[in-house]
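So you can see what is in the structure, the chains are spelled out below.
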Amino acid sequence: MSWFRRKRRDEDEPPDPRTPWPDEPVPADPAAAAAEFWRRWDELLPEISAALGEGEPHRVETLLLDAVARVHPALQFSLERGHRSIYALVVSGQEDPALRPYTDAWKAAAPPDDALWEYHDSVPPVPDPEKVTVNLGEHRIALADVRVVAQVDEAEHVVDVAVHHPAMAELAEAARRAMTFLPLDAALGERLAAERLRRVETAVAEPTGTISLVELRELVRGLGGADGWHDTVGGSA
């Protein structure tokens, strides 16, 4: 999965202080911004389909970066293989509450999923996370080897977790953090993980009483108050 987001001005090389950068515009009306995105998507779709069909998605990355940024400059997007359709377009606000009105409006205005495209307003869960292998630098890491300690707060319907993989001790800090959160998003999807996981920790040494990612998914989906939306959405990483 490759995520794309337009850089903020302060994320680039420092500009000449005598030349202030303009602020990235944020649309005042999420619904209007979403409608404009889907008009632009219809225009770009033949070019996007051709680029993906020829295995060259980079040809349309800049075009889509601009279109997504016009919905909100902090949104990210990814072009993926779909679960039910051939391709998936995922637009994510990384569960930032300030971005939820924009992703909600974007999804509400989206066309129905069809045989070619499906659309997600947050990272969907992987159908089987234990079949996923991720590359982190020189390490190839199978999510089937991830083990999780889960402590359930029944009153709050949330779970505290500690995530372990045998390679954790060999990873740099940034990669270790990625390997803590990536398996959770793969198993639960971004939205369910944000809603139901309270405290997330990295376990470098393997703790006792662990469960697999699939078992974690079953546990979290079974919490009281969890809605059925998460049981039907699918995707790939």
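Given the structure is predicted, the values throughout are model-derived calculations rather than measurements.

Visitor: So what about the pairing of strand 6 (residues 147-153)? Which residues, and what values?
Guide: With seven bridges connecting them, strand 6 and strand 7 (residues 158-164) associate as antiparallel partners. Looking at strand 7, one finds that R147 is bridged to H164. The turn linking strand 6 back onto strand 7 is made up of four residues, and H157 within it adopts a positive phi angle of 60°.

Visitor: Any chance you could break down empty space enclosed by the protein for me, citing the residues and the numbers?
Guide: Scanning the entire structure with this criterion turns up one cavity of 30 Å³ or more. Surrounding the largest cavity, G93, E95, D96, L99, R100, T103, D121 and R191 form its lining. Taken together, the residues of the lining of the largest cavity sort by class into one nonpolar, two polar and five charged.

Visitor: Run through the sheet that holds strand 1 (residues 76-81), naming residues and quoting values.
Guide: Across a sheet, strands are paired by hydrogen bonds formed along the backbone, either parallel or antiparallel in direction. Sheet architecture is open: three strands sit in the order 1-2-3, paired in mixed fashion. The sheet terminates laterally at strand 1 and strand 3 (117-120), the two strands that pair on one side only. Adjacent strand axes in the sheet meet at a mean angle of 20° when their direction is disregarded. Pairing of strand 1 with strand 2 (residues 87-92), which is carried by six bridges, proceeds in the antiparallel orientation. Paired with Q76 across the bridge in strand 2 is S92. Of the strands in this sheet, strand 1 and strand 2 are in contact with helix 2 (residues 58-69), which crosses strand 1 at around 135°. With respect to the sheet, helix 3 (residues 100-108) is in contact with strand 2 and strand 3, its orientation differing from that of strand 2 by roughly 150°.

Visitor: Help me get a handle on the nonpolar core, residues and values and all.
Guide: Membership of the largest hydrophobic core comes to 28 residues, with the highest contact counts inside it found for L143, V161, M179, L197 and V220. Among the elements of the structure, strand 4 (133-136), strand 7, helix 4 (173-188), helix 5 (190-196) and helix 6 (213-221) are those that each provide at least two residues to this core. It is helix 4 that contributes the most residues to this core, six residues altogether. Beyond its immediate chain neighbours, meaning those up to four positions away, M179 contacts V134, L136, I141, L143, V146, V163, H165, M168 and L171. Among the nonpolar cores identified, the runner-up in size contains 23 residues, and V60, A67, W106 and Y119 belong to it.

Visitor: A description of the packing of aromatic side chains should follow, citing residues and the corresponding values.
Guide: Taken as a whole and assessed by the stated rule, the structure comprises ten aromatic pairs. Between W38 and Y119, the aromatic rings sit 5.0 Å apart at their centres with planes inclined by 85°, giving edge-to-face as the arrangement. You can see W38 sitting in helix 1 (residues 30-53) and its partner Y119 sitting in strand 3, a full 81 residues away along the chain. One aromatic cluster in this structure is built from F37, W38, W41, Y87, W106, W117 and Y119.

Visitor: Account for the packing of helix 1 against helix 2, with residues named and values stated.
Guide: Where helix 1 contacts helix 2, the axes come no closer than 10 Å and their chain directions differ by 170°. Here helix 2 runs roughly antiparallel to helix 1, going by the angle between their axes. Taking contact as the criterion, the partners of F37, R40, W41, L44, E47, I48, A50 and A51 in helix 1 are, on helix 2, R59, V60, L63, L64, A67 and V68.

Visitor: I'd like to hear about helix 6, residue by residue, with values.
Guide: Listed in full, the buried residues belonging to helix 6 are L213, L216, R217 and V220. Buried residues of helix 6 fall within an arc of 100° about the axis and therefore sit on the same side. Each element contacted by the buried residues of helix 6 is listed here: strand 6, strand 7, helix 4, helix 5 and strand 8 (197-202).

Visitor: Mind laying out the sheet that holds strand 6, listing which residues take part and the relevant values?
Guide: With mixed pairing, three strands are arranged side by side in an open sheet as 6-7-8. Single-partner strands in this sheet number two, and they are strand 6 and strand 8. Ignoring strand direction, the axes of neighbouring strands in this sheet form an average angle of 15°. In this structure, strand 7 lies alongside strand 8, joined through four bridges in parallel fashion. In the sheet register, V159 faces strand 8, and the bridge partner there is L197. This element, helix 4, spans strand 7 and strand 8 of the sheet and lies at about 140° to strand 8. Strands in contact with helix 6 are strand 6, strand 7 and strand 8; relative to strand 6, the strand with the most contacts, it is inclined by about 15°.

The rules behind each value
Residues numbered from 1 in each chain as written. Predicted model: local features only at pLDDT ≥ 70, side-chain atom pairs only at ≥ 80, totals over all residues. Heavy atoms only, no water. Pairing = 2+ DSSP bridges. Helix = DSSP H or I, 4+ residues; strand = E, 2+ residues; numbered from the N terminus. 1 Å grid on protein atoms, 1.4 Å probe; cavity = no way out; pocket = protein on both sides within 12 Å on 5 of 7 lines; lining within 4 Å. Points joined across faces, edges and corners; volume = space filled by probe spheres on them. Nonpolar A, V, L, I, M, F, W, Y, C, P; charged D, E, K, R; others polar. Axes fitted to C-alpha atoms, helices over the stretch in contact; angles between N-to-C directions. Contact = heavy atoms within 4.5 Å. Core = buried A, V, L, I, M, F, W, Y, C linked by side-chain atoms within 4.5 Å. Buried < 20%, exposed > 50% of the residue type's maximum accessible area, 1.4 Å probe, protein only. Phe/Tyr/Trp six-rings, centres within 6.5 Å; stacked < 30°, edge-to-face > 60°. Parallel < 35°, antiparallel > 145°, perpendicular 65-115°, else oblique. Arc of directions from axis to C-beta.

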